[in-house]
Amino acid sequence: MASVSVDEAMRRAIELAARGLGTTSPNPVVGCVLLDADGEVVGEGFHAYAGGPHAEIVALAQAGKRAKGGTAVVTLEPCDHVGRTSPCSTALVQAGVARVVIAVPDPNPVATGGAATLRSAGIRVDVGVREAEAEAGNVAWLTTMRRGWPYVIWKYAATLDGRSAAADGTSMWITSEAARMDVHALRATVDAVVVGVGTVLADDPRLTVRNLRDGSLAIRQPLRVVVDSAGRTPGDARVRDGAARTWVATAAEVGTGPDGGVDLPALLAALRTRGVRAVLLEGGPRLAGAFLAAGLVDRVVGYLAPRLLGAGPAALVDAGVSTIAEAIDLELTDVTQVGPDLRITALPRKREG
């Protein structure tokens, strides 16, 4: 096998890390590639699930004795603490690797310190290779660790004129089956799906993840969260069907925000304590507006159907904008056609002042 560069190995490690999206929380996604002393790939691994072996351990097991004198290329600084598993930094030292290349330093104060441990053992450590790319692949976990509450994605579906339903309230289906299946793939990568009680009362959604091949329920289901300030969620609502865990978050339990509803920052803080690192906000338009007005949305994913209604509910209401100067500007990061629809991904720009 031909030797590969450290840059190529890191690119592969980032690809491996992505395989853990949706199954590792509350842990990060991590990928690792081990090169022997001649630069040949002798081991690969990724963190597949919380409590399971870390990426470095999987790669070391594959490499065996060929890890000695080689290079470990890893997307996140190896952990340096005893949790459900032993420290990866110690395992790398014991394996006799000569060099460790890290994309992103670990911001978790509990686990950080791996780089220092490796250096103290005489191992060369380089940090920052493909850092931006690795950050993007692990953005939910990194964001949560750095600021204290989960990463929030607002997902909506609308016609080209911004309607989420017709004038008579009908909304099934605004977008195509291909777009709906794409949403299930998105749900599968998050830890919690959040809606307002208005959406539950109007649409009675299940908010589950279904298998893209046969439509059956996926093995892993995100937490279903209903933001319900007064506790109006019906006992027979589909979100209470037992197919997944459900939390009806009331103002009495979480706290009351300035608008009289559930305190949204407190809600996100509570979700973090429940192991949630990525949140998918799915509805309704007023709850989305409240999240946006509070600056709590990190990414917007919109599915636009090539339809016009001319009347009916808007996809977004009351986002704290009263004049064009207060508009929430977005940076487009992706536009993809999904079936007949468009999926637009964008990041809210930070407001000055």
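Cut-offs applied
Residues numbered from 1 in each chain as written. Predicted model: local features only at pLDDT ≥ 70, side-chain atom pairs only at ≥ 80, totals over all residues. Heavy atoms only, no water. Buried < 20%, exposed > 50% of the residue type's maximum accessible area, 1.4 Å probe, protein only. Helix = DSSP H or I, 4+ residues; strand = E, 2+ residues; numbered from the N terminus. Arc of directions from axis to C-beta. Polar contact = N/O pair within 3.5 Å; in protein donor to acceptor, adjacent residues only side chain to side chain. UniProt positions renumbered as here; feature names shortened; annotations may be inferred. Contact = heavy atoms within 4.5 Å. Phe/Tyr/Trp six-rings, centres within 6.5 Å; stacked < 30°, edge-to-face > 60°. Lys NZ or Arg CZ within 6 Å of the ring centre and 35° of its normal. Core = buried A, V, L, I, M, F, W, Y, C linked by side-chain atoms within 4.5 Å.

1. What to know about helix α10 (residues 264–273)
Stage number 1. Those residues of α10 lying buried are Leu 264, Leu 267, Leu 268 and Leu 271. In a view along the axis of α10, the buried residues occupy a sector of 95 degrees, so they form one face of it.
Stage number 2. With a side-chain oxygen positioned 2.9 Å from the backbone nitrogen of Ala 266, the residue opening α10 is Asp 263.
Stage number 3. Following α10 by one or two positions, Gly 275 has its phi on the positive side, about 85 degrees.

2. Considerations on the UniProt feature "binding site: NADP(+)" (unreviewed entry) in the chain
Stage number 1. Listed under "binding site: NADP(+)" (unreviewed entry) in the UniProt record, and renumbered for this structure, are Ala 157, Trp 173, Thr 199, Ser 229, Gly 284, Pro 285, Arg 286, Leu 287, Ala 288, Gly 289 and Ala 290. The greatest C-alpha distance among the residues just named is 28.1 Å, and with 134 residues of sequence between them they are spread in space as well.
Stage number 2. The class for Ser 229 is partly exposed, based on a relative accessible area of 36%.
Stage number 3. Position of Ala 290 relative to the elements: it lies in helix α11 (residues 285–293).
Stage number 4. Dropping the residues within four chain positions of it, Ala 290 is found in contact with Leu 264 and Asp 318.

3. Notes on the packing of aromatic side chains
Given two aromatic rings, their pairing is described by the distance between the two centres and the angle made by the two planes.
Stage number 1. With the rule as written, the count across this model stands at one aromatic pair.
Stage number 2. With 4.6 Å between their ring centres and 25 degrees between their planes, Trp 154 and Tyr 156 make a pair best called stacked.
Stage number 3. What makes Trp 154 buried here is its relative accessible area of 6%.
Stage number 4. Taking NZ or CZ as reference, Arg 180 lies 4.1 Å from the ring centre of Trp 173, over its face.

4. A short note on the nonpolar core
Stage number 1. Counting 37 residues, the largest nonpolar core has Met 10, Leu 34, Val 73, Leu 92, Val 97 and Val 100 as its most contacted members.
Stage number 2. Secondary structure elements with two or more residues in this core: α1 (6–17), β1 (31–35), α2 (55–63), β3 (71–76), α3 (88–95), β4 (99–104), α4 (114–120) and α6 (139–147).
Stage number 3. No other element matches the six residues that α1 contributes to this core.
Stage number 4. Those residues in contact with Val 97, other than ones at most four positions away along the chain, are Leu 34, Ala 67, Gly 69, Gly 70, Leu 92 and Ile 123.
Stage number 5. Counting 27 residues, the second largest nonpolar core, distinct from the first, contains Leu 267, Leu 271, Val 297 and Val 300.

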